[in-house]
Amino acid sequence: MKRVNLFAWIIFILGIIYFFLPLFSTFEFSLRMKKGVYSFEAYRVAFQDPKFYYNFGYSVLWAVLTILFSLILVVPTAYWVHWRLPKARPIVEFITLMPFVTPAVVLTFGLIRLYGSPPLVLTSTPIPLIAGYIVLSLPYMFRSVDAGLRAIDIRTLTEAALSLGAGWGTIITQVIFPNIRVAILSGVFLTFAIVMGEFVFASLLSWPAFATYLEEIGSMRAYTPQALSLMSFFITWSMMMLIQWLGRGAGRAEEIAVGH
Amino acid sequence: MAFLEINNVSKYFGKTTAVKDFDLKVEKGELVSFLGPSGCGKTTTLRMVAGFEVPSEGQIIIDGKDMTFTPPNQRPVGMVFQAYALFPNMTVAGNIGFGLKIAKKPKEEIEQRVKEMLELIHMPGFENRYPHQLSGGQQQRVALARALAMHPEVLLLDEPLSALDAKIRVSLRAEIRAIQQELGITTIYVTHDQEEALSISDRVVVMNNARIEQVGTPFQIYNFPQTEFVAQFVGTLNAVLAEIVDVKDGLLRFDGQQVHTADKLEGYRNGDRIMVAIRPERLSFAHEGRKANILTGTIKNITFLGSIVRIQVKLGESVFYMDTFNNPYLTLPNIGDPTEITCSKEAVLVLQQQPA
Ligand SMILES: Nc1ncnc2c1ncn2[C@@H]1O[C@H](COP(=O)(O)OP(=O)(O)O)[C@@H](O)[C@H]1O
Ligand SMILES: [Mg+2]
C-alpha cells in the first residue's frame, strides 16, 4: 500500500510540475519588463493597447453569438432525440464528435469553398465563422445538454405537462429548460472558453479575435504576450471552476431527490 | 350512451401488436381497472385515451365527442404516472396550479383551488415544499391533486402505486378510491396487481397478449373467470385438463378422480378434454362435512400464511392447493397422510379454451 501511494504521489507531483512549470515561468517572465525589478508593467502596457480591447471585444461577441445559436440548435434537437427518437441518439452523438476527427484547418477550407463561391456567398459575413465555432463546440454543448436531459425523466415530464394543457413553448421554457439549467450553463461556459481561445478559424477567415491578436503581438513584443496568454488561461480556468461550482450544487440537489 | 368509449381500438408498433380489438364502454363516475401482466398493452391503451398515441384502428370517444386524433393538451383528461412526474423545479403549489396557470386562471382562483386540492389529499400546508422534500407516497398524492385540479372529465392512472412500498400502497389505494367516489370522476386505473384491481374497481378489464380476456365486476372476475388465463392470473387456482365422461350429468374425470360440475357442458361431447378449475378456498377436508365431490390423495405440504393455512394435496399426478382459515384449535394432518377433500359441484369451473 505505502509503495503504491508513494508512486502515485510521485506521478502526481511530476504531473503538477509538467503542467505548472511553464505557466510559472511565463508568469515570472511577464513580471520582468522593467529591468532589475518584478512589476506588473507588462500587464499595464497590454491593457493600454486599444487593439487589445478591439480584438478581445470581438472574441466575446463571437462567443456570445456562438452560444446563442448553438443553444437554439442543440437544446431542441437533444430534447427531441430524447423524447421521440431515442434510437437515433448514438447517431447524433457521433455527428457531434466530428470536430474531434476533422482538423479545424480542413473544416475552415471546407467552409470557404462552400460559401466563397455562388450560389451562396457568405464569406464577407461572420456566418461561416460562427457556424465553424458552433461545430467546434458541438461535442461539449451536446454532451452537457444530453447529460442534463438524461438526469431527468424527459418523457414523463413532457407528457405530464401536455396532459395539463401545456403547449410546446411552455414545456420547453417552463419545464425542460429550468430542469437542465445547470447542464446548459456548463455547455455555455465550455463553449465560451473554446471560442475565446480559438485561433485557426479567426485567422483563416480573417476576423479580429483575441487569439489572432495574441499571435500578432507575439511576433513583435516580448513581455506583453506572456501577460495576455496567462490571461487567456485565466479565462478558461474560471469557466471550468464555474462549471465545477455549479455542478456541485446540482449533484447535491439530485442526491436529495433520489435519497428519500 | 357511455361516457368514455374505446371502440374496437388496435395499435401496432411496426410488427408488434400492442393492443388488438379493444372494445370498452365506461360509464360516468365508474372506476375501471386494466389488469394484466407486463407487456399486455395496458399502458398503450391508456396512452391512446390520453392522446399520447394514436390508434391504428378504432375510435376514442369522450362524452360523445370523437377524440381519436385530438392532441393530448386539448383533451379533458388528467393523468397520473408511475413516478417522478412532478416538475422538480416547482413547489407543490406550482405543480398543482400548473395547468390552471396555463389556462390563464386568475391568481386568487389558482390559490384557492390549490388549497382545496391539498385538503382533498390530506396535505394542507404543503404549498411551498419541493418534490424532493416529499416521500414517494406524498409525491403521488400531489400528482393526483395536480391531475384533478383541472377538473378533468376522465382521470387516468398508470400503475400509480407500483413504486411505493406495500403498506403505503394499500392505504393510498383506498384513499384514491375514496377521492374518486367523492368527486364521481370517470377513472381508468392500470395495474398488474390483481389484489389492487379487485379492491378498488367497479369493473375490471383483464388483459393478456394485447387482448381483453374478460370484463366484469371484481366479484364476477374472481368467482366466475371465463378463461384459464383469468382464472390463473386472478387469485390462486387449481386448474387441470379433464375428460368429459357424461355431458348431461356434468361428470368429468382427471387423474383417476371423478367430479361433477354445475356448469353447462353445451357444445361438448363425451370424451372431449376441457380445462376445469377449483379455487383453493372452496376445497375442504371431507371429514368436516362431505359435499358433492370427493377427491382422494395425500398431504404433500402445509404452509402457514397467517390468517389462512394452505395445504398441498397430491391427487394422482396433479397437486391441488386447499386453503382453510387459521384458528388456534386447528388439528392439521401430517405430511404424507392419506386424505379426502371435498367441494361442491358449483366450485368446479369449466374454462373456455384459449382462442387459437
Ligand atoms: N413506443 C413503442 N414502440 C414500440 N413498441 C411499443 C411501444 N410502446 C409499447 N410497445 C410494445 O407494446 C406492447 C405493450 O406495451 P405496454 O402497453 O407498455 O404494456 P403494459 O403497460 O401492459 O406493460 C409491448 O410489447 C411493448 O414492447
Ligand atoms: Mg405499463
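Shown above is the structure to which this text applies.
Bear in mind that the values here come from a model prediction, so they are computed numbers and not experimental data. (Residues numbered from 1 in each chain as written. Chains lettered and ligands numbered in written order. Predicted model: local features only at pLDDT ≥ 70, side-chain atom pairs only at ≥ 80, totals over all residues. Heavy atoms only, no water.)

Student: Sorry, what's going on with the sheet that holds strand 17 (residues 308–315) of chain B here?
Tutor: Residue and element names in this part refer to chain B. Taken in spatial order, the five strands of this open sheet run 15-19-16-17-18, and their pairing is antiparallel. Among the strands making up the open sheet, the edge pair consists of strand 15 (284–285) and strand 18 (318–325). Here strand 16 (residues 293–304) runs beside strand 17; their pairing, made up of six bridges, is antiparallel. Note on strand 17: the bridge partner recorded for T298 is K314. (Pairing = 2+ DSSP bridges. Helix = DSSP H or I, 4+ residues; strand = E, 2+ residues; numbered from the N terminus.)

Student: Could you clarify how one ought to interpret the pairing of strand 8 (residues 186–191) of chain B in this entry?
Tutor: Note on strand geometry: in a regular strand, side chains alternate between the two faces of the sheet. Residue and element names in this part refer to chain B. Burial within strand 8 is extensive, with six of its six residues counted as buried. Of the two faces of strand 8, the one carrying T186, I188 and V190 and the one carrying T187, Y189 and T191 are both buried. Direction of pairing for strand 3 (residues 31–35) relative to strand 8: parallel, over a ladder of five bridges. Across the sheet, residue V32 finds its bridge partner in strand 8, namely I188. Across five bridges, the pairing between strand 7 (residues 154–158) and strand 8 is parallel. Across the sheet, residue D158 finds its bridge partner in strand 8, namely V190. (Buried < 20%, exposed > 50% of the residue type's maximum accessible area, 1.4 Å probe, protein only.)

Student: Quick question: what am I supposed to make of the packing of aromatic side chains here?
Tutor: All names here are of chain A. Inspection of every chain in the model, using the stated rule, returns 26 aromatic pairs over all chains. Judged by centre distance (6.3 Å) and plane angle (55°), the ring pair of F52 and Y213 falls under tilted. Taken together, the residues span a long stretch of sequence, with F52 in helix 3 (residues 50–83) and Y213 in helix 12 (residues 210–218) at a distance of 161 residues. Of the two residues examined, F52 and Y213, each falls in the buried class. Both rings, one in Y133 and one in F201, keep their centres 5.8 Å apart while their planes meet at 65°; by these two values the pair is edge-to-face. Linking Y133 in helix 7 (residues 127–151) with F201 in helix 11 (residues 200–204), this pair joins segments that are 68 residues apart in sequence. (Phe/Tyr/Trp six-rings, centres within 6.5 Å; stacked < 30°, edge-to-face > 60°.)

Student: Would you explain the environment of I110 of chain B in this entry?
Tutor: Residue and element names in this part refer to chain B. Within the secondary structure, I110 is located in helix 3 (residues 107–120). Classification of I110 as buried rests on a relative accessible area of 13%. For I110 and G94, which are 16 residues apart along the polypeptide, the C-alpha to C-alpha distance reads 9.7 Å. When residues no more than four places from it in sequence are discounted, the contact partners of I110 are G97, L100, K101 and K105. (Contact = heavy atoms within 4.5 Å.)

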